[in-house]
Amino acid sequence: MCGIVGYIGKRDAYPILINGLKRLEYRGYDSAGVALSNNGQIIIEKQVGKISVLEQSIGDKPMRGLVGIAHTRWATHGEPNQINAHPHTDSEGNIVLVHNGIIENYSTLRQMLQDKGHTFNTETDTEIIAHLIEEFYKHTQNFEDAFRSALLEIDGTYGLALITKHEPGKLFAARMGSPLVLGVGDEEYFVASDASAIIAHTRDVIYLEDGEIAIIDEHGYVTKTIENEVIEKKVERVTFDLERIEKAGYDHFMLKEIYEQPRTVADCMRGRLQPEEGVTRLGGLSPILHNVLRARKILITACGTSYHAGLIGEYMLEEYCRVPVEVEYASEFRYRDPIIEDDNLVIAISQSGETADTLAALREAKRKGATVMGIVNVVGSSIARETHGGTYIHAGPEIGVASTKAFTSQVTALALLTIMIARTKTMSAEAGRRIVQEMMILPEKVEQALKSDEIVKEIAYQFKDKTNFLYLGRGYNYPVALEGALKLKEISYIHAEGYPAAEMKHGPIALIDEDMPVVVIATKDSTYEKIISNIQEVKARKGRVIAVVSEGDEKLKDMVDYTIPIPNTFNFLQPVISIIPLQLLAYHIAVMRGCNVDQPRNLAKSVTVE
Ligand code: AGP
């Protein structure tokens, strides 16, 4: 998720662009850049690091121009460095653009353009777009036609702003899958990823929809579809204040990120599913693919929520790939001199890519000769750079300290890895196709699970003053119980424990009474009948049971105190859905208790110390 800003009008664009970028820094902050069109020339300045670094590097340079674009980056393809920073250009520097999104077919387009003689300076998918427009322009000699034709070739998502020497007094914008607003000022116009970058100048905006473009000059704008149909767009008034815009109207970043999960799960799979062959593709593993596919043992190491994702990975990889898997807290792994053979694969899972214990654990694994791969969110982070290969989860910046969307994307990435390996072993093409088809509708099922929010909020109200919770699950839902308990603990400060449901008999059942709420993940899978008997054990001791159940499950409704229905899916994908109501339960209880949901006490987003 990056931030883009564009301006055209009667004022100097530079200060408007830079201040607009600062409003968007929460969307990404690993590099920043600006381009200005002035007297037929385009100047570009860009730097790795935050916007303040860009400002300092520009210093007192004369940044003249009434038309410009700017970008603050959250890297998806290509390390965060100066070269990969936006804006990007075509071969001659005549076309300059900034982009927010993921181009799925960029490898194919890059190869096609290279075959036509194009050379590329960066590792980004964005640069492809400028060259593609250049290629079309060679034939059309009409820039707008070339712009639209290029967009029609792109699979994936984009929010784009573009300036060009071919049409010096114009600003071009396009939206497909990434938000873009057009700000309408007094003889001046703005383009931005969201209104926070422009409400200092105007609150009159047009929200572009997917498949729409805007061509803007000093006299006004026209909005069209990429198929060249002119459309009238309604000018709307932004009433939100700045803070609420950054949170997209949600009260907290955590809630926004919980609700982003249908898209972030889809983004994690974007370009990585091949439904016809029933296989998955993880390009970042190419350098180590042989070792990944041939690993005789897999060790997963991580902390906190990432550790819980790893536990689910263990179940997946053992079930479908028949490879022995161990999962260990990184802080334990790094100090206990683990036994590692050179045909072992170590997987380090980390949202931030900077967790000290996980970084130390992967270094220890490398020292002992293992192949080490990462499943990381922050591109170019220390863990990502120090592994032999890896998979980015493309969840975008996770601002809330309590990890939510990163967890579901980590589990999704582990599912992609599992299918990729399993299809080289015993999984048939037919089985692979069935699973890939189900993965393609997973985002819709996550969306459906979010509809339980109101039910969960009512349940939260009933239990917000409790001092202890127990979370129970079996099989794939056991790590979900651990993760649900961690979510509650870390943002509401209520003590909560996750347990394998059957393990309750070996001690925790002594805790059960009418004051101990028990959350049970009881979706219909191979352990369903067993978990029912665990629920009956709790009820026999006056425990109050909140059950996460499969939609349509009437049997449990009469047996427990509260049910939260969610869609069913394959067992190994179920955690991506089962966790949603538990994230919402923790969120609502914490809000009702007046806790600081986005920055809970004593916690940091990234634990970079031991
Ligand atoms: C999760 O909600 C916590 N914030 C914490 O447990 C976190 O998962 C852990 O610190 C690991 O962080 P990482 O994924 O960035 O390595």
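In case you missed it, the structure is sitting above this.
Sequence positions are assigned chain by chain, starting from 1 and proceeding in written order. With pLDDT at 70 or above as the cut-off, local features in this predicted model cover only qualifying residues; side-chain atom pairs require 80 or more to be listed or tallied, and sums for whole chains, interfaces and linings still use all residues. Hydrogen atoms and water are omitted, and side-chain values are computed over all heavy atoms in the structure.

K.L.:
Just checking my understanding: could you explain the pairing of strand β9 (residues 181-184) for this structure?
P.N.:
Strand residues, when the strand is regular, have side chains that alternate between the two faces of the sheet. Because side chains alternate across β9, one face comprises the buried residues V181 and G183, and the other comprises L182 and V184, equally buried. Bridge analysis of β9 against strand β10 (residues 189-192) gives 4 bridges, and the strand direction is antiparallel. Across the sheet, residue G183 finds its bridge partner in β10, namely F190. Pairing between strands is defined by DSSP: at least two bridges between them are needed. Elements are defined by DSSP. Helices are runs of H or I of four residues or more, strands are runs of E of two residues or more, and each kind is numbered from the N terminus. The hairpin turn running from β9 into β10, its antiparallel successor, is 4 residues long, and E187 in that turn takes a positive phi close to 55°. Whether a residue is buried, partly exposed or exposed follows from its accessible area with a 1.4 Å probe, protein chains only, as a fraction of its type maximum: under 20%, in between, or over 50%, in that order.

K.L.:
In this structure, what is going on with the site of the ligand? I would like to understand it.
P.N.:
Put simply, a residue is near a molecule or strand once any heavy atom of it comes within 4 Å of that molecule or strand. As a structural note, the neighbourhood of the ligand is formed by 14 residues, with S306, S350, S352, T355 and E490 the closest of them. In protein, a polar contact requires one atom able to donate a hydrogen and another able to accept it; more generally it is a pair of N or O atoms within 3.5 Å, and residues adjacent in sequence count only if both atoms are side-chain atoms. The side chain of S350 places a nitrogen or oxygen atom 2.7 Å from an oxygen atom of the ligand. Take K487: an N or O atom from its side chain is 3.0 Å from an oxygen atom of the ligand. Contact with the protein chains removes 91% of the 420 Å² of surface that the ligand exposes when unbound. Looking at which element gives the most residues to the shell around the ligand, the answer is helix α10 (residues 304-321), with 3 residues. Here the Shrake-Rupley method, with its probe set to 1.4 Å, supplies the accessible areas, and only the displayed protein chains count as covering residues.

K.L.:
How should the pattern of salt bridges be read in this particular structure?
P.N.:
Pairs can form between side chains of opposite charge once their charged atoms are near each other. When a carboxyl oxygen of Asp or Glu is within 4 Å of a side-chain nitrogen of Lys or Arg, the pair counts as a salt bridge. Counting across every chain of the model gives 35 salt bridges. Note that R237 and D204 form a salt bridge whose closest N and O atoms lie 3.0 Å from each other. Placement of the pair is R237 in strand β14 (residues 236-237) and D204 in strand β11 (residues 204-207), with a sequence separation of 33 residues. Overall, R237 belongs to the exposed group, its relative accessible area being 55%. Here E260 makes a salt bridge to K256, at a shortest N to O gap of 3.3 Å. The class for K256 is buried, based on a relative accessible area of 8%. Connected through salt bridges with shared partners, the residues E104, K256, E260, R263, D267, R270 and K405 form a single ionic network.

K.L.:
Looking at this structure, how should I read the packing of aromatic side chains?
P.N.:
Both the distance between ring centres and the angle between the ring planes are used here to describe each pair of aromatic rings. Ring pairs shown here join Phe, Tyr and Trp side chains whose ring centres sit within 6.5 Å, with only the six-membered ring taken for Trp; geometry is labelled stacked below 30 degrees between planes, edge-to-face above 60, and tilted in between. Taken as a whole and assessed by the stated rule, the structure comprises 13 aromatic pairs. Aromatic pair Y7 and F190: ring centres 5.3 Å apart, planes at 55°, arrangement tilted. Highlighted residues: Y7 in strand β1 (residues 3-8) and F190 in strand β10, separated in sequence by 183 residues. There is no split in this pair, since Y7 and F190 are both buried.

K.L.:
Can you help me understand the sheet that holds strand β3 (residues 41-48) in this one?
P.N.:
The strands making up a sheet associate through backbone hydrogen bonding, with each pair oriented either parallel or antiparallel. Ordered in space as β3-β2-β4-β1-β10-β9-β11-β14, the 8 strands form an open sheet in which the pairing is antiparallel. Edge positions in the open sheet fall to β3 and β14, since each of these has one partner strand only. Judged from the 8 bridges that link them, strand β2 (residues 31-38) and β3 form a sheet pairing that is antiparallel. If you follow L36 over to β3, its bridge partner there is I43. Contact criterion: two residues are considered in contact whenever any of their non-hydrogen atoms come within 4.5 Å of each other. Inter-axis angles, ranging from 0 to 180 degrees, are taken between N-to-C directions of lines fitted to C-alpha atoms, where helices are fitted over the stretch in contact. In the packing of helix α2 (residues 51-58) onto the sheet, contacts are made with β2, β3 and β4 (67-73), and the angle to β3 comes to roughly 125°.

K.L.:
Explain the sheet that holds strand β13 (residues 220-225) here, please?
P.N.:
Overall, antiparallel pairing links the 6 strands, which are arranged β5-β6-β7-β8-β12-β13 in an open sheet. Lying at the two open borders of the sheet, with one neighbouring strand each, are β5 (88-89) and β13. For strand β8 (residues 171-176) and strand β12 (residues 212-217), the ladder comprises 5 bridges, and the chain directions are antiparallel. By the bridge assignment, A174 is partnered in β12 with I213. Against the sheet, helix α4 (residues 126-140) makes contact with β5, β6 (95-100) and β7 (158-164), and its axis sits at roughly 140° relative to β6, the strand it touches most.

K.L.:
Honestly, the nonpolar core in this entry has me stumped. Any pointers?
P.N.:
Here is a general trend for soluble globular proteins: nonpolar side chains tend to be buried in one another's company. Counting 92 residues, the largest nonpolar core has I347, L417, F469 and Y471 as its most contacted members. Considering each element in turn, this core owes the most residues, 12 residues, to helix α14 (residues 405-422). Not counting residues within four places of it along the chain, the set of residues in contact with F469 comprises F463, L488, I494, H495, A496, E497, M516, P517, V519, I546 and I589. For this analysis, a nonpolar core means a set of buried residues of the types Ala, Val, Leu, Ile, Met, Phe, Trp, Tyr and Cys, connected via side-chain atoms within 4.5 Å.

K.L.:
Sorry if this is basic, but what is going on with α2 here?
P.N.:
At 3.6 residues per turn, the α-helix brings residues three or four places apart onto the same side. Considered for burial, the residues of α2 that qualify are I51, L54 and I58. Down the axis of α2, the smallest arc covering the buried residues is 55°, so these residues share one side. The inward-facing, buried residues of α2 contact α1 (13-23), β2, β3 and β4. G59, located one to two residues past α2, shows a positive phi value of around 55°. This arc corresponds to the set of directions leading from the helix axis out to the C-beta atoms.

K.L.:
How should the environment of Q462 be read in this particular structure?
P.N.:
For Q462, the position within the fold is in helix α17 (residues 453-463). Measuring from C-alpha to C-alpha, the distance between Q462 and I589 comes to 9.2 Å, with 127 residues separating the pair along the chain.

K.L.:
Even after reading the chapter, I still don't get helix α8 (residues 261-269), so can you show me in this structure?
P.N.:
Most of α8 is tucked away, with 7 of its 9 residues classed as buried. Listed as buried for α8 are Q261, P262, T264, V265, D267, C268 and M269. The inward-facing, buried residues of α8 abut α7 (253-259), β15 (273-274), α14, α15 (429-440), α16 (442-450) and α20 (574-592). Looking at the residues trailing α8, positive phi occurs at G271, about 75°.

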